[in-house]
Structures are given as C-alpha cells and as structure tokens.
Amino acid sequence: APLEEAAAETPQEFEARAALLPPGIQVQTYVNVTTVEEEAPRAREVVAHAGELLDKLVSDIRIGQSFEVEQVEEIVDDMVESIVRNPQAMMWVAKLREQDITAYGHGLQVSVYITSFGRHLGFPKAQLAHLAQIGLLLDIGKLRLPRDLLDKQGRLTDAEFETAKEHVAHGLAILDETPGFDPSILSGIEQHHERMNGSGYPRRLVGDEIGIFGRMAGI
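Residues numbered from 1 in each chain as written. Predicted model: local features only at pLDDT ≥ 70, side-chain atom pairs only at ≥ 80, totals over all residues. Heavy atoms only, no water.

### Digging into the packing of aromatic side chains
Here is step 1: Under the definition given, this model contains three aromatic pairs.
Here is step 2: With centroids separated by 5.5 Å and ring planes inclined at 65°, the aromatic side chains of F123 and F213 adopt a geometry described as edge-to-face. In this pair, F123 sits in the loop between α5 (106-121) and α6 (125-137) while F213 sits in helix α11 (residues 212-218), placing the two residues 90 residues apart along the sequence. The residues F123 and F213 share a single accessibility class, namely buried.
Here is step 3: Ring geometry for F161 against Y201: centres 6.0 Å apart, planes inclined by 90°, an arrangement best described as edge-to-face. Residue F161 is found in helix α8 (residues 158-165), and its partner Y201 is found in the loop between α10 (183-190) and α11; the two are separated by 40 residues along the sequence.
Here is step 4: Under the relative-accessibility criterion, F161 is labelled partly exposed at 39%. (Phe/Tyr/Trp six-rings, centres within 6.5 Å; stacked < 30°, edge-to-face > 60°. Helix = DSSP H or I, 4+ residues; strand = E, 2+ residues; numbered from the N terminus. Buried < 20%, exposed > 50% of the residue type's maximum accessible area, 1.4 Å probe, protein only.)

What follows is the structure, encoded as structure tokens:
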C-alpha cells in the first residue's frame, strides 16, 4: 500500500503544537516513512525483544539486584526508531499483545502510546526516548506493594488505596538507586498521578505546576 500523504499542517496548527512544548525544544514535524505493513514485522520484533528485557529488569528489581540505565535505554532505542518511522504499526502490535502481556507488561503499552503522543506533538528523538522510559517505569514501584493488593478484584478500601498510592514513592526510590536517569524522566514518573485540578497525588499539584511529561503520563 502506498504511504498516505499527511494533510498539510496549517501555520496555526504548528504554532499550537509548538506552544505545548517547553521553551528551547526544537519542534519536529514527522512524516511516516514506512507503511504499517512494512513496519509491522519490525515492530513485532522490537516489542518481543523489549518484553524480554523488561521481564528481566522486573525480576532483577524483585530480587533486589541493581540495574543500569543502559538496560532501559536498550529497550527504548529501537522502539523510538520504529515509532518515528510509523507509530501506527507499534501501537497495533502493542494492542494485539494486550491479552498475553505479563502483569507488568502494561508499562510496555504505556511506553508505546506516550512516545507516539510525543511524536505527534513534535518532540525531538532525545525527548521521545525519555518519554519511552517514563512509560516503561512509571509503575515500577508496584513491585514493592503487597501482592494481594495488586491482585485484588474490585474497589480498594480507603486504607488500601493509601497503600497503593505509595507506589510512586517506591518507584522513585528504586530509580534513585540507579544513577544516570535524566531529571525529566524522574519528574514525569513522580507526577504521573497528579491532575490538572489538584485532585491527584502525591503532592496535589495544580495546572502548570505539573510538567508536560507528567501531564502526558497522567493521560
């Protein structure tokens, strides 16, 4: 199938995108360079490999073993490249894997979606890699929550919800043991449950107090 020609962006649409990005970020305009059919086999390989690496990372954290930033960067590098070429393929593959991913594999899906969102807004590749890492790691702190809480079906009690909210602090503590993460990654993870109206946690931030990565991760 031929590549679809993207509808030309108006100057007003470009300015609206640019206004969302932090000052000093060079706004990118991406176009698909492969079709979904061409990209899908590569996207499948990338997601399978990323899933294996993520499972290993999770098991290392569970047994208290340290990991290195490079391990996470290895997961996201190929993912970012595929999403830059054609994000629909990777999103389609992630959707197909929805039923068979591990309990923690949800992070892989979040990573694909948040990185594709960042591409749409026009973040350069370096920031797309940061977004991909936020997606993978934002719920890593759940590994330190009680198993029965994670497995509970139905509504949590108030006390259980307070315990569940601690996964943000647990996640930051895990990452704090691993030097080298960009501050914007840690900030995005810290803020992924904050909400624009101040109803979120842990700090009940409001509006512009929440960085753009935190807002994106919250969605």
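Don't stop here, the text continues.
### Some words on the nonpolar core
Grouped burial of nonpolar side chains is what soluble globular proteins tend to show.
Here is step 1: Counting residues in hydrophobic clusters, the biggest one holds 50 residues, and the most contacted among them are M79, F123 and L137.
Here is step 2: Only α2 (36-62), α3 (69-85), α4 (87-96), α5, α6, α9 (167-176), α10 and α11 provide two or more residues apiece to this core.
Here is step 3: Looking at this core, the element that brings in the most residues is α2, giving nine residues.
Here is step 4: Residues within four places of F123 in sequence aside, it is in contact with L21, P22, I25, Q28, Y30, G118, L128, L131, I212, F213 and M216. (Core = buried A, V, L, I, M, F, W, Y, C linked by side-chain atoms within 4.5 Å. Contact = heavy atoms within 4.5 Å.)

### Some thoughts on the packing of α4 against α5
Here is step 1: At their nearest, the axes of α4 and α5 sit 9 Å apart, and the two run at 160° to each other. In this view, α4 runs roughly antiparallel relative to α5, as classed from their interaxial angle. Note on packing geometry: the crossing formed by α4 with α5 is left-handed. On the side of α4, the interface is formed by P87, M90, M91, A94 and K95, while α5 contributes Q109, V112, Y113, S116 and R119. (Axes fitted to C-alpha atoms, helices over the stretch in contact; angles between N-to-C directions. Parallel < 35°, antiparallel > 145°, perpendicular 65-115°, else oblique. Left-handed = near helix turned anticlockwise from the far one by under 90°.)

### Here's the deal with the packing of α2 against α4
Here is step 1: Across the interface, α2 lies against α4 with an axial gap of 8 Å and an inter-helix angle of 50°. Viewed along their axes, α2 and α4 adopt a mutual orientation that is oblique. Relative to α4, α2 is oriented so that their crossing is right-handed. The residues of α4 that touch α2, namely those facing V36, E39, A40, A43, R44, V46 and V47, are Q88, A89, M90, W92 and V93.
Here is step 2: The residue inventory of the contact of α2 with α4, partitioned by class, reads nine nonpolar, one polar and two charged. (Nonpolar A, V, L, I, M, F, W, Y, C, P; charged D, E, K, R; others polar.)

### Some points on the pattern of salt bridges
Here is step 1: Taken as a whole and judged by the stated rule, the model has twelve salt bridges.
Here is step 2: Between K165 and E162 there is a salt bridge, with the nearest N and O atoms lying 3.1 Å from each other. One end of the pair is K165 and the other is E162, both in helix α8 and three residues apart, which spans about a single turn.
Here is step 3: Here R215 makes a salt bridge to D208, at a shortest N to O gap of 3.7 Å.
Here is step 4: Given a relative accessible area of 70%, D208 falls into the exposed group. (Salt bridge = Lys/Arg side-chain N within 4 Å of Asp/Glu carboxyl O.)

### Examining α4
Note that an α-helix has 3.6 residues per turn; residues three or four places apart therefore point the same way.
Here is step 1: Those residues of α4 that fall on the buried side of the exposure criterion are P87, A89, M90, V93 and A94. Within α4, the buried residues cover an arc of 160° as seen down the axis, which keeps them to one side.
Here is step 2: Where α4 is buried, its residues contact α2, α3 and α5.
Here is step 3: In this structure N86 caps α4, since a side-chain oxygen of it lies 3.0 Å from the backbone nitrogen of Q88. (Arc of directions from axis to C-beta. Polar contact = N/O pair within 3.5 Å; in protein donor to acceptor, adjacent residues only side chain to side chain.)

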